[in-house]
Amino acid sequence: MTDKTSNQMWGGRFAAGPDAIMEAINASIGFDQRMAAQDIAGSRAHAAMLAATGIVSDSDAEAMREGLLTVLSEIEGGSFNFSTALEDIHMNVEARLKEMIGEPAGRLHTGRSRNDQVATDFKLWVRDQLDAVDGALQALMKALLTQAEGGADWVMPGFTHLQTAQPVTWGHHMMAYVEMFGRDLSRIRDARARMNECPLGAAALAGTSFPIDRDMTANDLGFDRPAANSLDAVSDRDFALEFLSAASICAMHLSRMAEELVIWSSAQFRFVTLSDRFSTGSSIMPQKKNPDAAELIRAKIGRIFGANVALMTVMKGLPLAYSKDMQEDKEQVFDAADNLMLALAAMEGMVRDMSANRESLEAAAGSGFSTATDLADWLVRVAGMPFREAHHVTGSLVAMAEKDGIDLPDLSLEQMQSVHSAITDDIFAVLGVHNSVASRVSYGGTAPVQVRAQIARWKKVLV
């Protein structure tokens, strides 16, 4: 095969041959430049430590620290020229620093390696992202609390198998999502606490012979402690996997809620009206109002799940310590983080803007024999029946009402007594949906008094 044929096979940007291919596959600057702020923060802390331990002079350390701030301002201002030939954010920053301050820049890498440097940068970036997700989750939960408080006593159907089961309250349904996202918040905070150990100073894999102070750099960067094993410090990506795992569960919760909003906003349900800000029209059907934001949130989970599986696959066969495979860790995490934050913001906006249609909710709450369980409970509580017998009697009454095309409260007392003589007209007091939800006063139940108690509890948590 000729060189010309080979170049044609690779085509386009790789026409220059193997050197260009190697540069393209080896370089990560196209995506890891997102860690510029974290990289510079780590380098500034490292420089300060090198001076404090006498490894470099105070003047060299000061030149490095000030120069790094200038580099950061260039990056943030958009004037920095990133080079793929320099491979990654670390070498790009160091090369620019050398252009600015000369020889002292060469001392910055004393006592560290790109292996512990990238692990530190990535941890700092993921930690910042965990904090951002924490805030976004709290904002969404507060929006749900507002919805719950406004409709704490509004009745609606509760479903199992997407079939009407028992009446619940709108507030209770909203609070179910508060509990879900509350667990997500707990996972995010647990992950942050567990990952907050500093890799810096682990060097390539074995530590360093320089008298560095790892506690100082860990403290300066807001870590709880230095990572205790240098091999593990440079090869650990559990923190990224935990983030992706927590993100995947959170995205699943967002997808479940998005699915309900898609169903509820349909013409067949009319449970909620979504605002125009989070809906679109049809290009051909003028009557349409499509819940596109909810649908896109529902779809985002595919990308986030995919990122989780991808990084697990990258890491599953790697021996200690560092391998270049681990360069493939960041793009997955960056994409998942972007999409999770977007989905959280969109869901918060939809929840804040949406209007629950109380009349439609209440009309649907009484349909589908939703108070059948209340009737069975009454037969147990008042008539003294075993529950299995009460279940059978109630089933017979449901069949009777269904045959006549009416609901349970529309049956006459005589019709009910034809099934069982123990039934009295007191039964009608439990067949209304409002009476049904008000009776569910067990802890965590749908009774408005319980819903309001849970709202009050979460308001104290989400200060």
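Everything that follows concerns the structure shown earlier in this document.
So, here is what we can say about the structure in this document.

Conventions used here
- Residues numbered from 1 in each chain as written.
- Predicted model: local features only at pLDDT ≥ 70, side-chain atom pairs only at ≥ 80, totals over all residues.
- Heavy atoms only, no water.
- Core = buried A, V, L, I, M, F, W, Y, C linked by side-chain atoms within 4.5 Å.
- Buried < 20%, exposed > 50% of the residue type's maximum accessible area, 1.4 Å probe, protein only.
- Helix = DSSP H or I, 4+ residues; strand = E, 2+ residues; numbered from the N terminus.
- Contact = heavy atoms within 4.5 Å.
- Pairing = 2+ DSSP bridges.
- Phe/Tyr/Trp six-rings, centres within 6.5 Å; stacked < 30°, edge-to-face > 60°.
- Lys NZ or Arg CZ within 6 Å of the ring centre and 35° of its normal.
- Patch = residues over 30% accessible without salt bridge, like charges linked within 9 Å, V, L, I, M, F, W, Y side chains within 5 Å.
- Areas by Shrake-Rupley, 256 points an atom, 1.4 Å probe, with all protein chains shown as cover.
- Salt bridge = Lys/Arg side-chain N within 4 Å of Asp/Glu carboxyl O.
- Axes fitted to C-alpha atoms, helices over the stretch in contact; angles between N-to-C directions.
- Parallel < 35°, antiparallel > 145°, perpendicular 65-115°, else oblique.
- Left-handed = near helix turned anticlockwise from the far one by under 90°.
- Nonpolar A, V, L, I, M, F, W, Y, C, P; charged D, E, K, R; others polar.

1. Quick word on the nonpolar core
- The biggest cluster of nonpolar side chains holds 78 residues, and the ones touching the most others in it are Trp170, Leu254 and Met347.
- Taken together, the elements giving at least two residues each to this core come down to helix H7 (114-150), helix H8 (170-195), helix H11 (238-264), helix H12 (292-315), helix H13 (330-353), helix H14 (358-365) and helix H19 (448-461).
- At 16 residues, the largest contribution of residues to this core is made by H11.
- Setting aside its immediate chain neighbours within four residues, Leu254 contacts Leu140, Phe181, Ile297, Leu340, Ala343, Leu344 and Met347.
- Judged by nonpolar contacts, the second largest core, of 21 residues, contains Ile29, Met49, Val56 and Ile75.

2. As for the pairing of strand E1 (residues 155-160)
- In terms of strand pairing, E1 meets strand E2 (residues 163-169) through six bridges, oriented antiparallel. Each residue of the ladder has a partner; that of Met156, found in E2, is Val168.
- In sequence, E1 turns back onto E2 through a hairpin of two residues, with His161 there showing a positive phi of about 60°.

3. A few points about the packing of aromatic side chains
- Enumeration according to the criterion identifies nine aromatic pairs in this entry.
- With a centroid separation of 6.3 Å and an interplanar angle of 25°, the aromatic rings of Tyr177 and Phe181 are classed as stacked. You can see Tyr177 and its partner Phe181 sitting in helix H8, four residues apart, about one turn around the helix. Taken as a pair, Tyr177 and Phe181 share a single burial class, namely buried.
- Taken together, the ring pairs in this structure connect Phe159, Trp170, Trp264, Phe269 and Phe271 into an aromatic cluster.
- Seen from the ring of Phe334, Arg34 lies directly overhead, with NZ or CZ sitting 4.9 Å from the centre.
- Above the face of the Phe122 ring, Lys330 is positioned so that its terminal group lies 5.4 Å from the ring centre.

4. Here we look at a nonpolar patch on the surface
- Together, Leu205, Leu231 and Leu320 give the surface a local cluster of nonpolar side chains, amounting to about 270 Å² of exposed area.
- Mapping Leu231 onto the fold places it in helix H10 (residues 230-235).
- Of the residues examined, Leu231 reaches a relative accessible area of 32% and is grouped as partly exposed.

5. Re the packing of H7 against H19
- Orientation of H7 relative to H19, taken along the N-to-C sense of each, is 155°, at an axis distance of 10 Å. In terms of orientation, H7 and H19 fall into the roughly antiparallel class. Crossing hand, H7 versus H19: left-handed. Residues Met141, Leu145, Ala148 and Glu149 of H7 lie in contact with H19, whose contacting residues are Ile455, Trp458 and Lys459.
- Of the residues belonging to the contact of H7 with H19, the class tally is five nonpolar, no polar and two charged.

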